[in-house]
Amino acid sequence: MFGIERNSSRYPLGINPAVLLAAVFLIAYPLFASDFFTFQIGAYSLILGTIALSLTMLAGYGGMVSLAQMTVAGFAAYLMAILGTNSVGVMGLGWPWWLTVVIAILGAALLSTFIGAIAARTEGIYTIMITLAIAVAFFYFVRQNYQIFNGFTGFAGIKPPTLFGLYWRDPTPFYYLALAIAAFFFLAVRYGARSTFGLGLQAVRDNPRRVRALGINVFLHRIVAYFYAGIIAGTAGVLLVWFNGRVSPGIVGVDMVIDILVIAVVGGMRAPIGPFLGAIAFVLLENFAIDLIDRERFNTVIGLAFLLVVLFSPDGLLGLWRRIESKIRLPRASARLGVRANRGDWHPAGSSERM
Amino acid sequence: MLKCAGKTLLAAAVLAVASPAVAQDTIKMGGLATLEGAFAAPGQDGIRGIRMALEEFNHTAGGKKIELITGSSDASPASAIRATRKLVEQDGVQIMIGPLSGSEGLAVKDYAKTKPNVTFINGTSAAQDTTLRKPAPNFFRFSTEGAQWMAGLGEYAYKVKKYRKVAVLAEDYSFPYTQVFGFLEPFCRLGGKASVNARFWVPIGNKDYSSVIAALPDDVDAIYVALGGADAINFLSQYQQAGGELPLIGGSITVDQTVLGSKGKIRKTVIGTPSAGPISDTWDDPRWKAFVAQYKKMFAGKGGFPSPSLFAHGYYINTKAALLALNQVKGDLSDGGKKLRAALSSLKFESPTGMVSLDPRRNAIADMFLTEVVEGPDGNLVNKTIGVTKQVSQTFGVKYEEFLKYGPVSRTNPPCK
Amino acid sequence: MRKPMQRRTILILGIVLFAAALLWLVFAVWPDWLIDAIGRKKTFVNTLLNGITLGGLYFLVASGFTLVFGLMRNVNLAHGSMYLLGGYIGYEVAEATGSWFFGLAVAFLAIAVSGILLQVAIFRRMEGDELRQTLVTIGISIIAADLMLATWTGTTYQFDTPDGLYGAIVLPVISVVKSSGAPVFIKYPMYRLTVLGVAVVVGIGLWLFLNRTRIGMMIRAGVNDREMLAASGVNVHFVFALVFAIGAGLAGFAGVVGGTALSIAPGEDIRYLLASLVVVIVGGLGSVSGAAIGALLIGLAEQFGLAYFPTYGVVLTFLIMVGVLAIRPQGIMGTR
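As the structure is a computational prediction, the values presented were derived from the model and not from experiment.

## Structural notes on the overall build of chain B
Regarding its fold elements, chain B presents 15 helices and 15 strands. In terms of overall size, chain B behaves like a compact globule, its C-alpha atoms giving a radius of gyration of 22 Å where 417 residues would be expected to give roughly 22 Å. When its C-alpha atoms are laid out on the principal axes, chain B stretches across 70 × 50 × 45 Å. Entry remark: accessible area of chain B is about 14,800 Å², with carbon and sulfur atoms responsible for 58%. If the 48 positive side-chain charges of chain B are averaged to one point and the 37 negative ones to another, these points end up 3 Å apart.

## Details of the overall build of chain A
Secondary structure assignment for chain A yields 14 helices and four strands. The proportion of buried residues among the 355 residues of chain A is 61%. Nonlocal contacts in chain A, meaning residues at least 24 apart in sequence, comprise 77% of its contacts between residues at least 6 apart. A total accessible area of about 13,500 Å² is found for chain A, and carbon and sulfur atoms account for 68% of it.

## Quick word on helix H4 (residues 102-112) of chain B
In an α-helix, one turn spans 3.6 residues, which is why side chains three or four residues apart end up on the same side. For H4 of chain B, a buried count of eight out of eleven residues is recorded, marking the element as mostly surrounded by other parts of the structure. Buried within H4 of chain B we find Ser103, Glu104, Gly105, Ala107, Val108, Lys109, Tyr111 and Ala112 of chain B. Where the residues of H4 of chain B are buried, they touch strand E4 (246-247) of chain A together with helix H3 (77-90), strand E5 (119-121) and strand E6 (139-140) of chain B.

## What about a nonpolar patch on the surface?
Residues and elements named next belong to chain A. A cluster of nonpolar residues, Ile27, Leu31, Phe32 and Tyr176, forms a patch on the protein surface that exposes about 410 Å² of accessible area. Looking at the nonpolar patch element by element, the count peaks at three residues for helix H2 (residues 17-32). Among the secondary structure elements, Leu31 is positioned in helix H2.

## What about helix H14 (residues 338-345) of chain B?
Every buried residue of H14 of chain B is listed here: Leu340, Arg341, Ala343 and Leu344 of chain B. Along the axis of H14 of chain B, the buried positions cluster into a sector of 160°, meaning they face one direction only.

## Describing the sheet that holds strand E2 (residues 60-61) of chain B
Residues and elements named next belong to chain B. Reading across from one edge, E2-E3-E1-E4-E5-E6 is the order of the six strands in this open sheet, with mixed pairing throughout. Two strands bound the open sheet, and with one partner strand each, they are E2 and E6. Summarising the sheet, E5 and E6 pair through two bridges and their orientation is parallel. Within the sheet, the bridge partner assigned to Phe120 lies in E6 and is Phe139.

## Observations concerning the interface of chain C and chain A
Opposite the 43 residues of chain C that make contact, chain A presents 44 residues. Linking chain C to chain A there are zero salt bridges. The interface formed by chain C and chain A holds three residue pairs in polar contact (both at pLDDT 80 or more) in total. Put simply, the parts of the chain that give the side of chain C that touches chain A at least two residues each are helix H3 (41-72), helix H6 (130-152), helix H11 (268-283) and helix H13 (313-327) of chain C. Grouping the constituent residues of the side of chain C that touches chain A by class yields 34 nonpolar, three polar and six charged.

## What to know about the pattern of salt bridges
When the charged atoms of two side chains lie near each other, side chains of opposite charge can form a pair. Counting across every chain of the model gives 20 salt bridges over all chains. Among the salt bridges present, the one from Arg287 of chain B reaches Asp285 of chain B, with a minimum N-O distance of 2.9 Å. A relative accessible area of 30% means that Arg287 of chain B is categorised as partly exposed. Its salt-bridge partner being Arg271 of chain C, residue Glu268 of chain C comes within 3.2 Å of it at the nearest N-O pair. Of this pair, Glu268 of chain C and Arg271 of chain C both sit in helix H11, three residues apart, which is roughly one turn of that helix.

## Some remarks on the interface of chain B and chain A
You'll often see interface size given as the accessible area lost when the parts meet. Taken residue by residue, the interface counts 37 residues in chain B and 41 residues in chain A. Of the roughly 3,700 Å² buried between chain B and chain A on both sides combined, carbon and sulfur atoms contribute 64%. Linking chain B with chain A are two salt bridges. Applying the counting criterion to the chain B and chain A interface returns six residue pairs in polar contact (both at pLDDT 80 or more). Taken together, the elements giving at least two residues each to the side of chain B that touches chain A come down to helix H1 (5-17), strand E3 (64-72), H3, H4 and helix H7 (174-189) of chain B. Per-element tally for the side of chain B that touches chain A: the top contributor is H1 of chain B, with eight residues. Class assignment for the residues of the side of chain B that touches chain A results in 19 nonpolar, eight polar and ten charged.

## Considerations on the packing of helix H11 (residues 254-267) of chain A against helix H12 (residues 274-292) of chain A
All names here are of chain A. Two elements in contact, H11 and H12, have axes whose closest approach is 7 Å; the angle formed by their N-to-C orientations is 115°. Relative to H12, the crossing made by H11 is right-handed. Note on element contacts: H12 touches H11 through Gly274, Pro275, Gly278, Ala279 and Phe282, opposite Asp259, Ile263 and Gly267. Of the residues belonging to the contact of H11 with H12, the class tally is four nonpolar, three polar and one charged.

## With respect to a negative patch on the surface
All names here are of chain C. Residues Glu92, Glu95, Asp160 and Asp163 make up a contiguous surface patch of negative charge. Its location among the elements puts Glu92 in helix H4 (residues 79-97). Residue Glu92 is classed as partly exposed on the basis of its relative accessible area of 37%.

## Some details on the confidence of the model for chain A
All names here are of chain A. Per-residue confidence for chain A gives a mean pLDDT of 82, with 87% of residues at or over 70. Averaged pLDDT values over the elements of chain A bottom out at 38 in helix H1 (residues 2-7) and peak at 95 in helix H4 (residues 69-83). Across residues 333-355, confidence stays below pLDDT 50; counting only partners more than four residues off in sequence or on other chains, it has 40 contacts.

## Quick word on the side chain of Arg222 of chain A
Here Arg222 of chain A shows up in helix H10 (residues 218-244). With residues near it in sequence (within four places) discarded, Arg222 of chain A still touches Met64, Ala120, Thr122, Glu123, Val204 and Pro208 of chain A.

## What about the sheet that holds strand E10 (residues 248-250) of chain B?
Residues and elements named next belong to chain B. Strand order in the open sheet made by the four strands is E8-E7-E9-E10, with parallel pairing throughout. Bordering the open sheet on either side are strand E8 (199-202) and E10, each of which pairs with just one other strand. In this sheet, neighbouring strand axes are inclined to one another by 20° on average, regardless of whether the strands run parallel or antiparallel. Here H7 sits on the sheet in contact with strand E7 (166-171), E8, strand E9 (222-226) and E10, set at roughly 160° to E7. Across the sheet, helix H9 (residues 229-241) touches E7, E9 and E10, and the angle it forms with E10 is around 170°.

## Concerning the environment of Ser101 of chain B
Residues and elements named next belong to chain B. Looking at the secondary structure, you find Ser101 in the loop between strand E4 (95-97) and H4. Each C-alpha atom, one on Ser101 and one on Asn122, is 9.8 Å from the other, the two residues being 21 residues apart in sequence. Ser101 has contacts with Ala75 and Ser125, leaving out every residue within four places of it along the chain.

## Here's the deal with unusual backbone geometry
Along the chain, Gly98 of chain B connects to Pro99 of chain B via a cis peptide bond; the corresponding omega equals 0°. In this fold, Pro99 of chain B is placed in the loop between E4 and H4. Look at the link from Asn413 of chain B to Pro414 of chain B: it is a cis peptide, with omega at -5°. Note on placement: Pro414 of chain B falls in the segment after helix H15 (400-404). At Asn150 of chain A, a position not held by glycine, the phi torsion is positive, near 55°. Secondary-structure assignment places Asn150 of chain A in the loop between helix H6 (125-144) and strand E1 (155-156). Residue Asn150 of chain A is classed as buried on the basis of its relative accessible area, which comes to 8%. Even without a glycine there, the phi angle at Ala75 of chain B is positive, about 80°. Tracing the chain through its elements places Ala75 of chain B in the loop between E3 and H3. Overall, Ala75 of chain B belongs to the buried group, its relative accessible area being 16%.

Criteria and cut-off values
Residues numbered from 1 in each chain as written. Chains lettered and ligands numbered in written order. Predicted model: local features only at pLDDT ≥ 70, side-chain atom pairs only at ≥ 80, totals over all residues. Heavy atoms only, no water. Helix = DSSP H or I, 4+ residues; strand = E, 2+ residues; numbered from the N terminus. Rg over C-alpha atoms; globule rule 2.2 N^0.38 Å. Areas by Shrake-Rupley, 256 points an atom, 1.4 Å probe, with all protein chains shown as cover. Lys, Arg positive; Asp, Glu negative; His and termini not counted. Charge placed at Lys NZ, Arg CZ, Asp CG, Glu CD. Buried < 20%, exposed > 50% of the residue type's maximum accessible area, 1.4 Å probe, protein only. Contact = heavy atoms within 4.5 Å. Patch = residues over 30% accessible without salt bridge, like charges linked within 9 Å, V, L, I, M, F, W, Y side chains within 5 Å. Salt bridge = Lys/Arg side-chain N within 4 Å of Asp/Glu carboxyl O. Arc of directions from axis to C-beta. Pairing = 2+ DSSP bridges. Polar contact = N/O pair within 3.5 Å; in protein donor to acceptor, adjacent residues only side chain to side chain. Nonpolar A, V, L, I, M, F, W, Y, C, P; charged D, E, K, R; others polar. Buried area = accessible area lost by both parts, 1.4 Å probe. Axes fitted to C-alpha atoms, helices over the stretch in contact; angles between N-to-C directions. Left-handed = near helix turned anticlockwise from the far one by under 90°. pLDDT = per-residue confidence, 0-100.

Right, dumping it as structure tokens:
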């Protein structure tokens, strides 16, 4: 993101034509895409992208790789089923939809804060272990708990409301809902990074000891970051349960937890657009791999992609794209601007060793 | 594939515009099974079942070519729905076969209600409520469900084995609930006892049964065990190692061929264990023998099991029903499949395991097998067929309204006091 | 000066009382009111033994994990995959040769070699970049799980327990006294006691190796200060590779030992990875004695959970972890 911002003034109106093109494409997408592509490819990518965005925010700006973001989203999804209406006959307190949504998102944010409070007491590598342990424990718990989470079966029949004459699970309205939420959080993360809090968080990431010496509360910065990440993941969780219409332990299983990490890392953790690129690639692969290769080895393909990115292109697809772009543009740009650093190699301080 | 984001977006755009061309002389059939994850082996056997039926009909029904498109789930309902949606909405299949497991089946039934012009036929999913409560008018199940599979076992345990009091050990989710219900309902009606306190529900995937074994009561005549696959093998070998001596009664997948053929030391424990299910490996009926021979001919040495599993059997029967009905309507699906579904509803045909027909909620009425584990002539453990229960319906012959009063399956149903 | 002494006395007194109560629970014939309160004695004693022996198995897996972390700050999230792969390899070898012990040895060696390969081919390239190393191990575990599924399918494998170790033995512990006056003794599987014995032997072996040998001293020095160790002329890469070999080898070893006690099947990699994670978080990363304490705690929590309140068993484990993190973020025996 830093690369894009620095250069934004080069374009008329300060808007990069590529960004404008992408925005137009995203808004016009349902007009030419089939229902299947609008809903299952488009909206689902946006939802997964938003969950992964919460991880990117924590990891990219806060240096905290939390594997429990899917758990947070899943918790919001479960709250929707437990507090709202479901067709299973367990729980389903029947709260009005708007209250359920608000409480589900807040509940998810609180869970995220709680996880943060446990994990943020330790540093660096511990985070990944503790959050993974919490994520797996949560999965086992919901799978075995029948009183509240209805165990292995989970809940079905969770529907979004009909509002303004539109049923919000119809492909096109749902797509725009997901797009609006994704865009909102995308911009929030992008511009929030330059707020006092955002800069403070990046300082905590780069050198917690020095920040602490300046009198800034490192722990507080971290758990507030977890709270915001919880709001993002929780909102995406609400969308996810509307998308699926159901929620069961599989949604917070280890596979899904790891998939979110894969999406974030493969997309690129250095900018908020990364997780969305990762999500599109992942969803396309998930749907069409069976037509191209043997579906049986799907996880090998996913794992290899992830491994290659970690080994050779630490900033993911985004970094790859920038490298190609800068190779193409380098002769022209350097003629105009004189010597310009290769953008692919320009990293915010400290992040190069943390991905 | 992952090389370049721009290309990916472009691919998305191109794919989004291209709509699948529907040729008039072929019918697209979707096959959904668990081809990934821990259930991959059963899923592949399910697909083998579909292929056997297609082969039998020479890939043609009602004068049209049948094109099979497979989809894969990981046994979670969400992934089953995503795969089904892709097959129906993207690939444009008009007939769906699948899915494999119970909670997937419930999810696909709900989805079926939103696609009234597509005909959904079950794979092997065996949850009761897929057809019993709030059924979908376009979802058909020619295979049977978990409670039906237990037909005859409760009576056998009470009348022949003379058991009066049993403990229950089962995994804690809906399929074992259904099986326990199917076993206990007749057993308790006859006067048997299975106190709610003597029912042990273990988390699915539990490997260490030693503490559960220690907690099993001593004052019962037998233990009814409904565990599957790895869980069953673990329990049986740990029970034998711990010196357990109570006789066992098995659920449909507790002492099936995958368990008996495993390397665990379970011989002493399982010999003499009665069980019941939709197939019996050793049935000497010519129809079943021909089916097994055909399976071996097609898949022996190509990854197939020694003998078709209940997954191959279930998918085969469901696919065959679809093809027979297509023949009846001469492949005409122009009315959104209405005629096809009418034909399916009244279909009655001879399967490798006897006559199959449907009840008003489109659930199969079929024959069930009562088996007992014995030592085969070559020293292997096999299930010997000791009885066939004819034409078992989902409501055990009770009236539908009466049967509903029994309530949904759960840990405590039937209470059996 | 007096206060800490007093506190210590109280602590010791508490431990002694607890141990006495436990011994009484194990060896006494339970009175009726106790049976009414917490169930049969057979269940309790068996669960206790199961917890301790499961703790032994967890220690075997987690000790390698914690050793590698202590020296290299490398969280090997593919540790569970190594456990599972060790189990499969051991199974194949034991089947082919007919010798369980040979299978055990080959599993140890094969996984130790794979550990060295990982260390040399991958981790050495990104030394100091702990997070990236960890992400690499996640990638490896995804691929490994899928390839193992392709090779060994979803079937469950179970080892033939070596003949001398099969069956149950009668413990000198009375379960109940029958109305006829004859005591009923508690039976317990021989093999599980063996697992515990092996864990104790491995634990003592590791302790001797780390505290009484030259290489062990180098390793401990490396845990405390890696740079100084390198500066003093020790071949750090050799020490790293050795530790990785031992750590990975122990996972493979545990795969055979655990696969014989229980079984090996897809998904076990995650289970033992989770167990290792929780054990070392509770015990303290890098500490072998911490791993022993953590393994015992988690093993007991899991078994008592399963026997007495199955639905909330996981919660007990989780609460232990959160509790320890709240009081001592570095773990019970952790330094830092």
